[in-house]
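Coordinate analysis (summary)
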Amino acid sequence: MRCQQVLSGAANSGNSTVVHCSYNGIGYTVYCTGCDIVVLDDVFHRVQLISNISGCRSLISAITLCPTTGRIGAVCSHSVYILSPFSTLHDDDFPYKWELSYTLSIGSRVSCAAFNFDGTELIVCGTQILVYRTQQWTCAWSSHLTEETVELTVSPDGRFFTTLSHDSKILKLWKRLKDLKDYRSELIPHPAVVIGVCWRQVSTELPKDAVRQVMLTSCHDCVGRIWLETPNVHPSITLRPTITKSFVLGTVLDPLKESTEKRVAGSPYIFQWFNNKAHSYSSCLENARLKGELLIAEQVSVGSYDIGEDIGFLPDDKSTEEDLCVDSIEFKELQECKKVKDMSEYQHTASQLLKLWYKSFDMVVCISPATGSLMGWRVEKIDVAYPFQNLTTRFVLKLPWSLSYADARQLKPSYCVFSSRKVNTNIQRDKSVLRNTGSNLSNLSHSITELEGTLVDLRSMTLPSMCLLTAHIDGTVNLFSFEMGADDIAFCDIGNLVHEVRCSGHRCYPLSSTSHPYIPLALTTSSETGCLSGPGYGELILWRMSCIGPMTTRKTGILELARVDTKRAADFTAVSWFPKAFSVNPGDAEDHAGLLTSFVLHFVAYTGHSLELYRVVTLSECLHTAKMILNKSSSVAGDFIGEEQLRSKSSGSGASKIYHIGRLAEVSGAGGAVTGSKFLHTFSLSSVQMELDNKKGSECEEYFVVLVDDKNNTHTVKVLVCEEMVLGQTIQE
């Protein structure tokens, strides 16, 4: 038996709860769900689950990662928890795990944190800014703020960082001074509320200060703005009087003018760098480095050096310890000679790639909240020598319906594009084999044979796969893959966007699971009462269930359709389905859900003191069992909902909604509210009668809801279910 699906949980609210990083060439994604931290690899297999990092059931509000040290920072209330990586020796597993190494206690509430580019500093923000040196974890600089920071971003070189407050049109930029002990703040005003900031990623292999820093802001006016760093110009050059800050506006990107897209109220267009230059530079440089490291083994095995004759380093049965020592020294000298030659070739390759960086263009993408389309622009002349030359932008890409309607409207600004090398584990293994070759001559013949096959694989491996990581307001996390053009070393020829994996589920521990008796739907509930954020919270999720067999893929299993979040932990203490289902005739006009073929079901939820009735409206295409449903349901036309309140957030996987109809009955025990139920069940009167009475042809059907509490007190509610009304009446306690 194999595990088909693992639901790690939905991500917490906030812009910094889902982060991707690459450490030592190994990519991974980290996100927080409730009080836990989930680590995923580049194909979204769960690597590690770190439960209750704070020890007191405190919700994690933000995550930060350091690509240099591999550390994870988790923000919980007034503390920041630092987790450090350690290596694992299992060949088939992910090479790293994380463990708690330090707890940083802050005197005030913390909302976000971020490491600088080399991991030597940790910037913590809330109502004040604190900069900590990670070597001794001492505060090196601090500053008080007038408003609480909700988003913090750091430039790739660590010289700048930005802070953003809630519903603010002002982006505050902080610049490190030359003495490295203080920061200076600058204000960057925008005509609309700023919702997201992202920096253009720069390869860590680039020389320092070789390229300028560039950032991209997204606002509620659906316009993206590119801001360029003003270079350190020689004093003899006279600057324009309007250029007085560290960054100037380079250009704007307006998708409403470039295409037929429309503005969606409450869902702005969010822009992001495609980072094609950084991916291309790192990929070409990595291939050059791997080629240089494995060149010795290739020449020894198939090149000009004859094994055992010119060098004579292969041992035989008659070899002495002195011979082996001499052979080892000769092989190491050969390695050093080749390293000098390969280093010059490597530097030449890096120089050529830097020139290509200056000449090539940058890609910027955004996702339309109206249609879910992926749109892209080419931005040229960002890295030209003359600092005030106008940028050239061109709208070049539109992939319709790349994301579902619900996913596009609930997109967070923190989505990102990253490159994934699926052969990283083998590359690291082959590097270690090469390093151990000189010291382990007895296994050299086998090592060379293994490396011969590796060289062939490395020549065919020229481009990594490109992926898109998206986080959404409903807590779901999606992984998409780009279909790029053949031999596209510039990473700009985007052919298609394919959805791969979706992560969803509860943010706290599940309590119950209730399946519908006839339809492949299920309800799961969860609650959290021990958190520090107040009385806790509750969750209810509607799932679609699919059959699983030997030929099914990872996408088959259970799929989230809708969810309801409440501020009371007891709102979904127990739930039970009504077996009857209603269908809306396809010939009717648009119904309340905006669908033409919908099915309506009901369930009852126990809140600790009352029974509440809910209505589920789902699209028939989400169920794939229309024939079975029609055999068990009644067909009806007209408006179902009336004045009911919409309670659910539709997930991007399906068009389903959950409405709160009203209260069926008050349920109280002798001592007040029933605090702990053990059984909640709904059944129809006809299901327990051998023969139906004279109401057989009626459109209404009687149901009974039975609730048994922890004191064995039975509460029965008689419910009359019709097409247009649902009535409840308590008949026994």
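Predicted model, so just to flag it, every value in this text is computed and none were measured.

Analysis parameters
- Residues numbered from 1 in each chain as written.
- Predicted model: local features only at pLDDT ≥ 70, side-chain atom pairs only at ≥ 80, totals over all residues.
- Heavy atoms only, no water.
- Helix = DSSP H or I, 4+ residues; strand = E, 2+ residues; numbered from the N terminus.
- Buried < 20%, exposed > 50% of the residue type's maximum accessible area, 1.4 Å probe, protein only.
- Contact = heavy atoms within 4.5 Å.
- Pairing = 2+ DSSP bridges.
- Axes fitted to C-alpha atoms, helices over the stretch in contact; angles between N-to-C directions.
- Polar contact = N/O pair within 3.5 Å; in protein donor to acceptor, adjacent residues only side chain to side chain.
- Phe/Tyr/Trp six-rings, centres within 6.5 Å; stacked < 30°, edge-to-face > 60°.
- Patch = residues over 30% accessible without salt bridge, like charges linked within 9 Å, V, L, I, M, F, W, Y side chains within 5 Å.
- Areas by Shrake-Rupley, 256 points an atom, 1.4 Å probe, with all protein chains shown as cover.
- Salt bridge = Lys/Arg side-chain N within 4 Å of Asp/Glu carboxyl O.
- Core = buried A, V, L, I, M, F, W, Y, C linked by side-chain atoms within 4.5 Å.
- pLDDT = per-residue confidence, 0-100.

So, the overall build of the protein chain
Looking only at helices and strands, the protein chain has eight helices and 45 strands in total. Within the protein chain, the fraction of its 733 residues that count as buried is 54%. Here the contacts in the protein chain between residues at least 6 apart in sequence split such that 59% fall between residues at least 24 apart.

Some words on the sheet that holds strand E20 (residues 247–253)
Strand order across the open sheet formed by four strands is E17-E18-E19-E20, with antiparallel pairing between neighbours. Edge strands, defined here as strands with exactly one partner in the open sheet, are strand E17 (194–199) and E20. For this sheet, the mean angle separating the axes of adjacent strands, direction not counted, is 25°.

Section: the side chain of Thr163
Mapped onto the elements, Thr163 comes out in strand E14 (residues 160–165). A distance of 3.1 Å separates the side chain of Thr163 from the side chain of Trp174, its partner in a polar contact. Once residues within four sequence positions are removed from consideration, Thr163 is found in contact with Cys125, Ile129, Thr149, Glu151, Leu152, Leu171, Lys172 and Trp174.

Examining the environment of Val75
Turning to its location among the elements, Val75 is positioned in strand E6 (residues 72–76). Its relative accessible area of 1% is what places Val75 among the buried residues. Expressed as a C-alpha distance, the spacing of Val75 and Thr17, which sit 58 residues apart in the sequence, is 9.6 Å. With residues near it in sequence (within four places) discarded, Val75 still touches Leu59, Ile60, Ser61, Ala62, Val80, Val110, Ser111, Cys112 and Ala113.

Some words on the packing of aromatic side chains
Applying the stated criterion to the full structure yields 21 aromatic pairs. Centroid distance Phe683 to Phe704: 5.7 Å. Interplanar angle 25°. Geometry classified as stacked. Linking Phe683 in strand E42 (residues 677–684) with Phe704 in strand E43 (residues 701–709), this pair joins segments that are 21 residues apart in sequence. An aromatic cluster of three or more residues is present, and its members are Trp141, Phe161, Trp174 and Tyr183.

Overview of a nonpolar patch on the surface
A cluster of nonpolar side chains, Leu7, Met545 and Ile558, forms an exposed patch at the surface whose accessible area comes to about 200 Å². Mapping Ile558 onto the fold places it in strand E32 (residues 558–566).

A word on the nonpolar core
Grouped together as the largest cluster of nonpolar side chains are 41 residues, with contacts concentrated most on Ile226, Phe274 and Phe482. Counting residues per element, this core draws most heavily on strand E22 (residues 362–367), which supplies five residues. Among the nonpolar cores identified, the runner-up in size contains 28 residues, and Val80, Ala114, Phe115 and Leu145 belong to it.

Quick notes on the confidence of the model for the protein chain
Scored by pLDDT, the protein chain has a mean of 76; 68% of the residues are at 70 or more. Across residues 233–243 the pLDDT falls below 50, and counting only partners more than four positions away or on other chains, this stretch makes six contacts in the model.

Description of the pairing of strand E30 (residues 521–528)
Counting buried positions along E30 gives eight out of eight residues, so the element sits mostly inside the fold. Residue alternation in E30 divides its side chains into two sets, Leu521, Leu523, Thr525 and Ser527 and Ala522, Thr524, Ser526 and Glu528, and both sets are buried. Relative to E30, strand E29 (residues 510–515) is paired through five bridges, and the arrangement is antiparallel. Across the sheet, Ser515 pairs through a bridge with Ala522, a residue of E30. With antiparallel pairing between neighbouring strands as the criterion, E29 and E30 make up a hairpin whose turn holds five residues.

Considerations on the pairing of strand E18 (residues 214–219)
Within E18, six of the six residues are buried, which leaves the element mostly enclosed by the surrounding structure. Neither face of E18 is exposed, since Val214, Leu216 and Ser218 on one face and Met215, Thr217 and Cys219 on the opposite face are all buried. The sheet contact formed by E17 and E18 spans five bridges and is antiparallel. The residue of E18 that forms the bridge with Gly196 is Ser218. Here E18 pairs with strand E19 (residues 224–229) via five bridges, running antiparallel. Note on E19: the bridge partner recorded for Met215 is Trp227.

Re the sheet that holds strand E12 (residues 138–144)
The sheet built from four strands is open, its strands ordered E9-E10-E11-E12 with antiparallel pairing. Unpaired on one side and paired on the other, strand E9 (110–115) and E12 mark the two borders of the sheet. With strand direction ignored, the average angle separating the axes of adjacent strands in the sheet is 15°. Where E9 and strand E10 (residues 121–126) come together, five bridges link them in antiparallel fashion. Residue pairing for E10: Cys112 is matched across the bridge by Cys125.

Points about unusual backbone geometry
Positive phi, close to 55°, is recorded for Asn275, a residue that is not glycine. Mapping Asn275 onto the fold places it in the loop between strand E21 (270–273) and helix H2 (276–293). Look at Asn275 and you get buried, because its relative accessible area is 8%.

So, the environment of Ser576
Here Ser576 lies in strand E33 (residues 574–584). For the pair formed by Ser576 and Phe603, sequence separation is 27 residues and the distance between their alpha carbons is 5.5 Å. Once residues within four sequence positions are removed from consideration, Ser576 is found in contact with Thr514, Phe603, Val604, Leu680, His681 and Thr682. Among the polar contacts listed, one links the side chain of Ser576 to the side chain of Thr682, at a separation of 3.0 Å.

Section: the side chain of Ser143
Turning to its location among the elements, Ser143 is positioned in strand E12. Residue classification places Ser143 among the buried residues on the basis of a relative accessible area of 19%.

A word on the environment of Tyr81
Topologically, Tyr81 is positioned in strand E7 (residues 79–87). A C-alpha to C-alpha distance of 9.8 Å links Tyr81 and Ile63, two positions 18 residues apart in sequence. What Tyr81 contacts, discounting residues up to four positions off in sequence, is Ile53, Ser54, Ile72, Gly73, Ala74, Cys76, Leu100, Tyr102 and Thr103.

Thoughts on the pattern of salt bridges
Under the definition given, this model contains 21 salt bridges. Where Arg200 meets Asp383, a salt bridge forms, and the shortest distance between an N and an O atom there is 2.9 Å. Highlighted residues: Arg200 in the loop between E17 and E18 and Asp383 in the loop between strand E23 (374–380) and strand E24 (392–399), separated in sequence by 183 residues. The same class applies to Arg200 as to Asp383, namely buried. Notably, a salt bridge pairs Lys277 with Asp362, separated by 3.1 Å at the nearest N-O pair. With Lys277 in helix H2 and Asp362 in strand E22, the pair connects residues that are 85 residues apart, well separated along the chain. Looking at Lys277, the relative accessible area reads 5%, which means it is buried. Judged by relative accessible area, Asp362 falls into the buried class, the value being 3%. When salt bridges with common partners are traced through the structure, they connect Arg507, Glu539, Glu560, Arg563 and Asp565 into a single cluster.

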